[in-house]
Structures are given as C-alpha cells and as structure tokens.
Amino acid sequence: MATSRLDKFIKKWIVKGTYFDYPTLFYIVFLSFFGFIMIYSSSSFVSYRLYGNRVHFLNFQLLFASLGFIGMIFVSKIRYQRLKRFTIILMLIELVLLLVVLIKGVSVNGSSRWIQMGAFRFQPSEIAKMIIILYMAYMCAEKPELMRTLKGTINLFAPVLVLIVFIAIENMSTALICAAIAGGIWIISTPKLIYLLAFIPAGIGGILLMVFGRGYRGDRITTWLNPEATEKGYQTMQGLYAIASGGIFGRGLGQSIQKMGNIPEAQNDMIFSVICEELGIVGAAALILVFLLLIWRCKFIAEGAPDRYGSFIVCGIIIHISVQVIINMCVVTNLMPNTGVTLPFISYGGTSIVFLMLEMGMLLGVSRQIEPEGQRLESLADED
C-alpha cells in the first residue's frame with residue numbers, strides 16, 4: 001500500500017522523460033566556473049586588504065553556487081506543471097518579504113534591499129524575478145480570457161505592478177527587469193496590441209516618476225551624460241579606463257591594474273570591465289557569444305515545450321537573462337546610467353546565483369518533457 005502511494009507520488013511529481021538538454025547544462029556550468037575565476041581575479045586584492053585572505057568572496061560564491069546547483073538539479077526533476085498550485089502563495093510571500101525590506105531592511109551602500117537572517121542576508125527583489133516568471137506564465141497560459149478585455153488585463157497585471165512598485169522604491173534597476181519579464185511574457189502570449197499602446201505612456205510616466213522622485217536617481221542621469229566632470233562618475237571612468245587598457249587581447253588573466261582598489265565593487269556590478277581589461281575585446285566577445293548560445297538553447301526548449309505554460313516559463317527566463325546582461329554591459333560601457341545590476345552567473349552575489357540556478361532548474365525541467373523524435377511522453381499539464 002505504501003509502495004503504491006509512493007509510486008503515485010513519484011508519477012505525479014517526478015519527470016522520467018528520456019530527453020535532457022546537455023548543451024544547456026554545459027553553458028550553465030561553463031559560465032559559473034568562468035564566474036568563479038573572474039570573481040577571484042577581480043576580488044583577491046580587496047579581499048586580502050579587508051579580510052586577510054584572497055578567497056573570501058570566492059568562498060562565499062562557491063558556497064551559494066553549490067547550494068543553487070543542488071537546488072537546480074532538484075527542481076529539474078520536478079514536473080513544472082505542479083508549480084501552478086503554488087503561484088499565488090509565492091506572490092503573497094514575496095509581497096510580505098518586500099514589505100519587511102521597506103520596514104526593517106538592512107542598508108548597504110545607501111540602499112535598503114536586504115533582509116538579515118543571522119550571519120546571512122538575502123535580497124527579496126532577486127526572488128521576485130523568478131516568481132513573476134511563474135505568475136505571468138501561469139496567468140497567460142491558463143487564463144487567456146483575462147487578456148480579451150482591458151479590465152481583465154488590468155486585473156492580470158495588478159499583483160505584478162504592486163511588487164514592481166515596492167521593488168522600485170529602493171531598486172529601480174531590478175524593477176525594470178521585472179517589468180520587462182512581465183511585459184515580455186504578456187506580449188508573447190499575443191494580447192491585443194491596443195492595450196500595449198495604452199500601457200506604454202503609463203510605463204514611461206512611471207519610470208520618470210521613479211527617476212526624478214528620488215534625487216540620487218536624477219544625479220545618475222547627470223553623471224551618465226558627463227561622468228568625467230562629477231565625483232560620482234569615478235566608478236564609471238575607472239571602468240572605462242579598464243576597458244580601454246585591455247585593448248583587443250587584454251593584459252592577461254589576473255593582470256588587471258584597475259581592480260587594485262580603483263574600481264569600486266569590481267567583483268559585483270563592474271566585473272565586466274575587469275573581464276575586458278584582462279581578456280580584451282576578444283574575451284568579452286567570447287563571453288557574449290556563450291550567453292547568445294545559452295539563449296539560443298533556451299529558444300529551442302521553449303519551442304519544444306509540451307504546453308504553453310512551459311513555453312512561457314522559458315520565455316520569461318530568456319527575457320530575464322537577456323535584459324540583465326544587456327543592462328549590465330551597457331552600464332559598464334556607459335551606454336546607460338549606472339545601476340546596481342549584476343552580470344548573470346559571473347558577478348558576486350549569493351541571492352542572485354541561488355535563484356538564477358533555480359530558474360535554470362525550471363528550464364531543464366521543461367527540457368525533460370520535450371518529446372524526442374516524435375515519441376509521446378506522459379504529461380500532467382491538465383491533471384490536478
């Protein structure tokens with residue numbers, strides 16, 4: 001009796017598909033290990049100066065990446081269709097976490113974005129990206145009737161907009177990424193374009209309000225336009241010096257000069273400038289190529305997904321990675337104002353790498369249900 005219940009549970013929750021997308025796994029592992037190398041290279045000087053050893057930041061990244069990798073493997077074996085029932089609960093939990101941040105958030109570098117739990121702290125806004133992917137995929141796949149009317153569309157977006165507003169109070173860059181994820185999945189699910197035209201002015205108005213509603217954000221625009229003339233443009237200028245000194249082939253791995261205390265947060269938001277200095281334009285282009293290959297594999301998985309829900313989950317992950325990579329690289333090269341956006345898989349950050357790996361688990365979980373060579377695999381998309 002117990003065995004039959006266990007078999008039933010496994011049948012409902014665990015994927016036993018014969019397909020697994022190993023190229024995607026390779027790109028994930030490659031980017032992660034490249035990130036470890038660059039975190040050590042970019043942080044060893046500052047790590048020794050602050051903590052007396054050169055691997056402080058690397059050790060923490062290895063710890064959280066390992067936890068994330070274990071979570072990725074676990075999530076990849078779960079039938080992603082089962083995540084539907086937790087969507088609303090996860091939205092409510094995220095809302096509570098963001099409220100806690102606003103009330104009792106830990107401030108780092110002038111921004112209250114973290115919740116402290118003992119020796120560790122985490123950033124709920126990083127979790128929001130994954131939750132918004134699940135929510136939008138669920139609503140657009142399971143309740144398409146909401147998109148047939150303006151009222152329904154507003155009701156669909158209302159919970160997401162609340163999360164985005166709470167995030168934007170202290171973290172506009174992450175709020176923009178979340179908005180891109182939500183809007184991208186919505187557009188892919190073929191809504192009425194007239195609604196999109198109605199939301200564009202509202203979105204622009206919201207961005208302007210967030211930018212000029214907080215004084216320091218307006219200052220970032222000024223700094224972006226003329227970084228060499230302002231004190232706050234120091235980080236941007238040091239990053240540009242690093243990129244310029246790297247040239248075509250770079251100074252060599254580990255040979256960066258600007259990382260020696262000149263670039264603030266070299267292991268975080270500005271790590272791409274260290275990559276350019278040490279590996280040159282060639283190395284930077286190779287990294288971009290790997291990201292493009294990962295996105296291409298994600299597109300393959302989205303097209304082969306057994307249902308709309310799985311396809312929309314993968315599309316949300318594509319949008320997340322693409323937008324975050326573009327924003328980070330544009331900030332480092334001063335093509336847009338400075339924001340606190342990390343480079344996926346590469347930059348230092350515990351919360352970021354853990355939940356990015358969980359997203360990769362969902363991606364691989366969808367890939368497990370792709371039907372190879374026309375063979376029909378069992379699906380629980382419509383089962384409860």
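Residues numbered from 1 in each chain as written. Predicted model: local features only at pLDDT ≥ 70, side-chain atom pairs only at ≥ 80, totals over all residues. Heavy atoms only, no water.

Moving on to the nonpolar core. Residues M136, L343, F345 and I346 are the most contacted members of the largest nonpolar core, which totals 102 residues. Excluding residues that lie within four positions of it along the chain, I346 makes contacts with L31, F34, G35, I39, I271, I275, L287 and F291. (Core = buried A, V, L, I, M, F, W, Y, C linked by side-chain atoms within 4.5 Å. Buried < 20%, exposed > 50% of the residue type's maximum accessible area, 1.4 Å probe, protein only. Contact = heavy atoms within 4.5 Å.)

It is at 10 Å that the axes of helix 4 (residues 87-104) and helix 6 (residues 150-168) come closest, and there the two elements cross at 20°. Taken together, the axis directions place helix 4 and helix 6 in an arrangement best described as roughly parallel. In the packing of helix 4 onto helix 6, the handedness of the crossing is left-handed. Where helix 4 abuts helix 6, its residues M91, E94, L95, L98, L99 and L102 lie against P159, V160, V162, L163, F166 and I167. Its residues placed into classes, the contact of helix 4 with helix 6 shows 11 nonpolar, no polar and one charged. (Axes fitted to C-alpha atoms, helices over the stretch in contact; angles between N-to-C directions. Helix = DSSP H or I, 4+ residues; strand = E, 2+ residues; numbered from the N terminus. Parallel < 35°, antiparallel > 145°, perpendicular 65-115°, else oblique. Left-handed = near helix turned anticlockwise from the far one by under 90°. Nonpolar A, V, L, I, M, F, W, Y, C, P; charged D, E, K, R; others polar.)

Further remarks concern the environment of L62. Within the fold, L62 resides in helix 3 (residues 56-76). The partly exposed category is assigned to L62, whose relative accessible area is 34%.

Before going further, it helps to examine helix 7 (residues 172-188). Helical periodicity: at 3.6 residues per turn, an α-helix aligns residues three or four positions apart in one direction. The end-to-end C-alpha separation of helix 7 is 24 Å, in line with the 24 Å expected for 17 residues at 1.5 Å each. Counted residue by residue, helix 7 has 12 buried out of 17 residues, so it is predominantly covered. Buried within helix 7 we find M172, S173, T174, A175, I177, C178, I181, A182, G183, G184, I185 and W186. (Expected span 1.5 Å × (residues − 1).)

Take the pattern of salt bridges next. The tally for this structure, following the rule as stated, stands at six salt bridges. Across the pair K84 and E142 runs a salt bridge whose closest N-O atoms are separated by 2.8 Å. On the criterion of sequence distance, the pair formed by K84 in the loop between helix 3 and helix 4 and E142 in helix 5 (residues 124-142) is long-range, its members being 58 residues apart. On the accessibility criterion, E142 (36% relative accessible area) is partly exposed. Ionic pairing is found between R251 and E277, a salt bridge with its closest N-O pair at 3.4 Å. (Salt bridge = Lys/Arg side-chain N within 4 Å of Asp/Glu carboxyl O.)

Before going further, it helps to spend a moment on the confidence of the model for the chain. Summing up the model confidence of the chain, the mean pLDDT is 82 and the portion of residues at 70 or higher is 79%. Predicted confidence for residues 374-384 stays below pLDDT 50, and this span has 26 contacts to residues more than four positions away or in other chains. (pLDDT = per-residue confidence, 0-100.)

Right, let's get into the packing of helix 2 (residues 22-51) against helix 13 (residues 350-367). At a closest axis distance of 11 Å, the pairing of helix 2 and helix 13 adopts a crossing angle of 165°. Considering their axes alone, helix 2 and helix 13 lie roughly antiparallel with respect to each other. Viewed along their axes, helix 2 and helix 13 form a crossing whose handedness is left-handed. Between helix 2, through T24, L25, I28 and S32, and helix 13, the contact on the second element is made entirely by M357, M360, L363 and L364. Across the contact of helix 2 with helix 13, the residue classes tally to six nonpolar, two polar and no charged.

Turning next to the side chain of S47. Tracing the backbone through its elements, the reader meets S47 in helix 2. Residue class for S47 comes out buried when judged on its relative accessible area of 0%. Reaching out from S47, the side chain makes a polar contact with the backbone nitrogen of H56 at a distance of 3.1 Å. Residues in contact with S47, not counting those within four places in the same chain, are G52, N53, R54, V55, H56 and F57. (Polar contact = N/O pair within 3.5 Å; in protein donor to acceptor, adjacent residues only side chain to side chain.)

A separate point is unusual backbone geometry. Positive phi values are uncommon outside glycine, yet N334 reaches one of about 60°. Looking at the secondary structure, you find N334 in the loop between helix 12 (308-332) and helix 13.

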